[in-house]
Structure formats: C-alpha cells, structure tokens
Amino acid sequence: MIKNILKFIQEAAIKKEKLLAILLDPDKTALEELPEISSRINNLNANFIFVGGSFVENGITDLFVKTLKKLANLPIVLFPGDFSQLTNHANALLFLSLLSGRNPEYLIEQQIKSVPFLKNSTLEIIPTGYILIDGGTNSSVLKISNTIPIPQENITLAVNTAVAGMYKGKQLIYLEAGSGAVNPVNGQIIASVKQHISIPLIVGGGIKTKKQLNDAYKNGADLVVVGTAFENTNTFKF
Ligand code: 1GP
C-alpha cells in the first residue's frame, strides 16, 4: 500500500504516469453495494478511491469508509463536502479550499472546523486548491457552496486562480466541472493551467467516455476523477 499519497502523485506526474481515481459518494451508494462495487474497482486500473459528497448524512462516511477499506485494495482519499465527513479509516484527505468561490465558509471556515478532528488524526493532509469550472449544470457543489464557477471561456481567470493557489502553498490543483457535468473541463483550460503550474493537476466532473479521459490526460491532467460514469454503468472499463 502507498505510504505517502502526495509523494506518489508528485512522482507519477514527473514520470508522466497518468492516474485514475474512482469517486464514491456515501449518499448515493448503499453499504450493501460495497462488496460488488469494490470488486469492480479492484478490476480496474485505478489508483485511488475518493470518498465524498455534497449532501452526505452526518456520520455515515465513517462506517462507509471502514467497510470499504476491508473490501478494496486501493488507498482511500477523502474528498469531503463538509468537515463532518472526516474519518480516520481513510488514508488521506484532500484539504480543499474552494479558490474559485468567494464564500468564506469554503475558503477557511470549514477548514477551521476540521482542526479539532485533524489534530488527533492519522490522515495524511494534502493542501488542495479546488477550482470550479462551469460544467453546464447546476451541480451540487454549486448549490452547496453558493459560489459562481469560472466560465469555460475564461482561461486567464482559471490559470491565475490556479497559480495563486500554488503560490499560497497548495500541493495539488483540482479543476472541477461538478459531478454529472454536461461539459467536462475543456482541454484548453487543462492545458493552460498545467503549463503555468509546477504541482500536479487533478481534473474531474462529467467525464463519461474513454476519449474524454484520454483527452484530459493528453491536455495535462495528472489524475482524473470519475464518479457518475462509474456508478451508472456496469460496463465501465476505463
Ligand atoms: C469529481 O465531481 C467529480 O471531481 C466527479 O464527477 O460524477 O461527473 O464523474 P462525475
């Protein structure tokens, strides 16, 4: 099992080895489904399981991750919509700041609320700049965060936001079109952001086909996250 997840991602990015994470939302996946889902994931060429969601009922992530850990062979990385989703059963935490938004709750308040838990936690904490790009739908993260995404055409703003995140010390940049996005993050944004940052780049939201996955990689994504397409089809074979 990977010991230091950030280091693994950094080294893969340097070697241009492309990584895949499958996102599971405890709100949408019943515990009873986890054995079947885990065996599907174990048969994929994935590197991580991300766990998180925007509307997860308080407390269920803990049991969800505990159960998943016994079944899955991959490291589990928390991708929380709220500090109540923290659990020590996971391996790492994307410590997110929603840099595209201007809502203090998701820039710093949630992070402060998580400290009493994290102070005594074994989780690897990975500072991550989270940037919402307009995916053409009113995604859950938009509704919950009450922020405006960056338009797909505004490449300069996306780049400057990502670079500001890097200057602030983020170790990863995550370009997010929103779960179930009609339009994934466009290739030009991915390529331009990648060109201007020297930290690994995660891309997710609305990736439904192998072509979209490969395009994201070709344009510069180091790690791609797929949720809905994995949930929706048993034939998912990225
Ligand atoms: C992770 O929210 C995404 O960044 C996942 O999006 O559910 O559309 O794959 P999908």
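Just above sits the structure.
Before going into details, it helps to say that this report is about the structure given with it. Note that the structure is predicted; figures quoted are calculated from it, not measured.

### Quick word on the overall build of the protein chain
Then step 1. Helix and strand counts for the protein chain come out as nine helices and eight strands.
Then step 2. For the protein chain, the C-alpha radius of gyration of 16 Å lies close to 18 Å, the compact-globule estimate for 238 residues.
Then step 3. Each of the three principal axes of the protein chain carries a C-alpha extent, and together these read 45 × 40 × 35 Å.
Then step 4. Buried residues in the protein chain amount to 53% of all 238 residues.
Then step 5. In the protein chain, the share of contacts with a sequence separation of at least 24, taken over all contacts with a separation of at least 6, comes to 72%.
Then step 6. Total accessible area computed for the protein chain in this model is approximately 10,900 Å², and 53% of it derives from carbon and sulfur atoms.
Then step 7. Treating the 22 positive side-chain charges of the protein chain as one cloud and the 19 negative ones as another, the clouds have centres 7 Å apart.

### Concerning the site of the ligand
Then step 1. Around the ligand, a shell composed of 13 residues is seen, among which Y174, S179, G180, G206 and T228 lie nearest.
Then step 2. Between the ligand and the protein, one listed contact pairs an oxygen atom with a backbone N or O atom of G206 at 2.7 Å.
Then step 3. Coverage of the ligand by the protein amounts to 97% of the 300 Å² it exposes when considered alone.
Then step 4. Elements represented by at least two residues in the shell around the ligand include exactly β6 (172-176) and β8 (223-226).
Then step 5. The residue makeup of the shell around the ligand, split by class, is four nonpolar, eight polar and one charged.

### Topic: helix α6 (residues 155-167)
Then step 1. If you check α6, its first and last C-alpha atoms are 18 Å apart, about what 13 residues at 1.5 Å a residue would give, namely 18 Å.
Then step 2. Within the sequence span of α6, burial applies to I155, A158, V159, T161, A162, V163, G165 and M166.
Then step 3. Against the buried residues of α6 lie β5 (124-132), β6 and α7 (187-196).
Then step 4. G169, located one to two residues past α6, shows a positive phi value of around 105°.

### As for the pattern of salt bridges
Then step 1. Going through the model one piece at a time under the given rule, you end up with five salt bridges.
Then step 2. Note that K28 and D25 form a salt bridge whose closest N and O atoms lie 4.0 Å from each other.
Then step 3. The residue D215 makes a salt bridge to K211 at a minimum N-O spacing of 2.7 Å. Note that D215 and K211 are positioned in helix α8 (residues 210-219) at a spacing of four residues, about one turn of the helix.
Then step 4. Taken together, the shared-partner salt bridges connect K211, D215 and K218 into one network.

Cut-offs and rules
Residues numbered from 1 in each chain as written. Predicted model: local features only at pLDDT ≥ 70, side-chain atom pairs only at ≥ 80, totals over all residues. Heavy atoms only, no water. Helix = DSSP H or I, 4+ residues; strand = E, 2+ residues; numbered from the N terminus. Rg over C-alpha atoms; globule rule 2.2 N^0.38 Å. Buried < 20%, exposed > 50% of the residue type's maximum accessible area, 1.4 Å probe, protein only. Contact = heavy atoms within 4.5 Å. Areas by Shrake-Rupley, 256 points an atom, 1.4 Å probe, with all protein chains shown as cover. Lys, Arg positive; Asp, Glu negative; His and termini not counted. Charge placed at Lys NZ, Arg CZ, Asp CG, Glu CD. Near = heavy atom within 4 Å. Polar contact = N/O pair within 3.5 Å; in protein donor to acceptor, adjacent residues only side chain to side chain. Nonpolar A, V, L, I, M, F, W, Y, C, P; charged D, E, K, R; others polar. Expected span 1.5 Å × (residues − 1). Salt bridge = Lys/Arg side-chain N within 4 Å of Asp/Glu carboxyl O.

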